[in-house]
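# Fold and geometry: a report
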Amino acid sequence: WINDSAALAGLDGLQSLARVGDLHLEGCNGLLNLDGLENLTEVGGVNLSGNNGLTHLRGLSGLRETGGSLQIWANGGLTNLEGLEGLEHIDGRLRLSLNTALTSVDGLGGLRSVDSVFEMVGNNRLSSLAGFTSLATLGRDMKIKDHPNLAPCEVERLRDQVGEANIGGEIILENNTGSMACD
């Protein structure tokens, strides 16, 4: 757990780390990348928040599954989710919220299932959900709201891909007001 460490610039000394209970990096604005965590394959949960220097997640390339939630929120410089391509299952919640520079979810193309809530809120530059190519099961709610560049048809396409029968809770699709045309 690393919290409010503005001076932290890297994680390079952690290459031998393969398992952790939970990975929390919060308020580490000097952290530019997650290099050093490439060998991390097992993690209880991941919480990345308020790390405004992060632009990608390539350091998490070894991660296949989380034993808890994956929460990526309020990382002002995060533009993409590169590094999560191998992630197939989240045994908890997926929260992608308030990442104001996020333009792509392509790094989550291998994600097949989320056992709890799937929540995406206020990622202002996000205009496509096409990166969720394998998503097929949500254990609880699907909540996608407050994206000014995400067209309603994009959100509906993801709902239809997963299928309402494979969503174990409420479906909340609100204030996605982008005007891009969907195919």
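One structure accompanies this document, and this report is about it. (Residues numbered from 1 in each chain as written. Predicted model: local features only at pLDDT ≥ 70, side-chain atom pairs only at ≥ 80, totals over all residues. Heavy atoms only, no water.)

### Some details on the packing of aromatic side chains
Note the threshold: Each Phe, Tyr or Trp ring, with Trp reduced to its six-membered ring, pairs with another whose centre is within 6.5 Å; inter-plane angles below 30 degrees give stacked pairs, above 60 give edge-to-face pairs, and intermediate values give tilted ones. Numbering of helices and strands starts at the N terminus; helices are DSSP runs of H or I of at least 4 residues and strands are runs of E of at least 2. Think of it in three bands: with a 1.4 Å probe and only protein chains considered, a residue is buried below 20% of the maximum accessible area for its type, exposed above 50%, and partly exposed in between. Criterion for a charge above a ring: Arg CZ or Lys NZ at most 6 Å from the ring centre, at most 35 degrees from the ring normal.
For the structure shown, the criterion picks out one aromatic pair. A centroid spacing of 5.3 Å and a plane angle of 70° characterise the contact between phenylalanine 118 and phenylalanine 132, whose relative ring orientation is edge-to-face. Within this pair, whereas phenylalanine 118 is found in strand β9 (residues 118–121), its partner phenylalanine 132 is found in the loop between β9 and β10 (137–138), the two being separated by 14 residues in sequence. Note on accessibility: phenylalanine 118 and phenylalanine 132 belong to one class, buried. The positively charged end of arginine 95 is found above the aromatic ring belonging to tryptophan 73, 4.3 Å away from the centroid.

### Re the pattern of salt bridges
Two side chains carrying opposite charge are able to pair once their charged atoms lie near each other. Convention followed: Salt bridges are identified by distance alone: a Lys or Arg side-chain nitrogen within 4 Å of an Asp or Glu carboxyl oxygen.
Here the structure, examined in full by the defined rule, presents seven salt bridges. Here arginine 112 makes a salt bridge to glutamate 88, at a shortest N to O gap of 3.1 Å. Residue arginine 112 is found in the loop between β7 (94–97) and β8 (113–114), and its partner glutamate 88 is found in the loop between β5 (70–73) and β6 (89–90); the two are separated by 24 residues along the sequence. The exposure class of arginine 112 is partly exposed, given its relative accessible area of 45%. A single network of salt bridges, built from pairs that share partners, joins Arg159, Asp160 and Glu164.

### What about the nonpolar core?
Let me state the cut-off plainly: What makes a nonpolar core is a set of buried Ala, Val, Leu, Ile, Met, Phe, Trp, Tyr and Cys residues whose side-chain atoms join them at distances within 4.5 Å. Contacts are residue-level and defined by heavy atoms, with any inter-residue pair within 4.5 Å sufficient.
In this structure, Leu34, Leu57, Leu81, Leu94, Phe118 and Phe132 are the most contacted members of the largest nonpolar core, which totals 44 residues. Breaking this core down by element, the ones donating at least two residues are β2 (19–26), β3 (42–49), β5, β7, β9, β11 (142–147) and α1 (152–162). With near-sequence residues (within four places) excluded, leucine 34 lies in contact with Leu11, Leu25, Leu48, Leu54, Leu57, Gly59 and Leu60.

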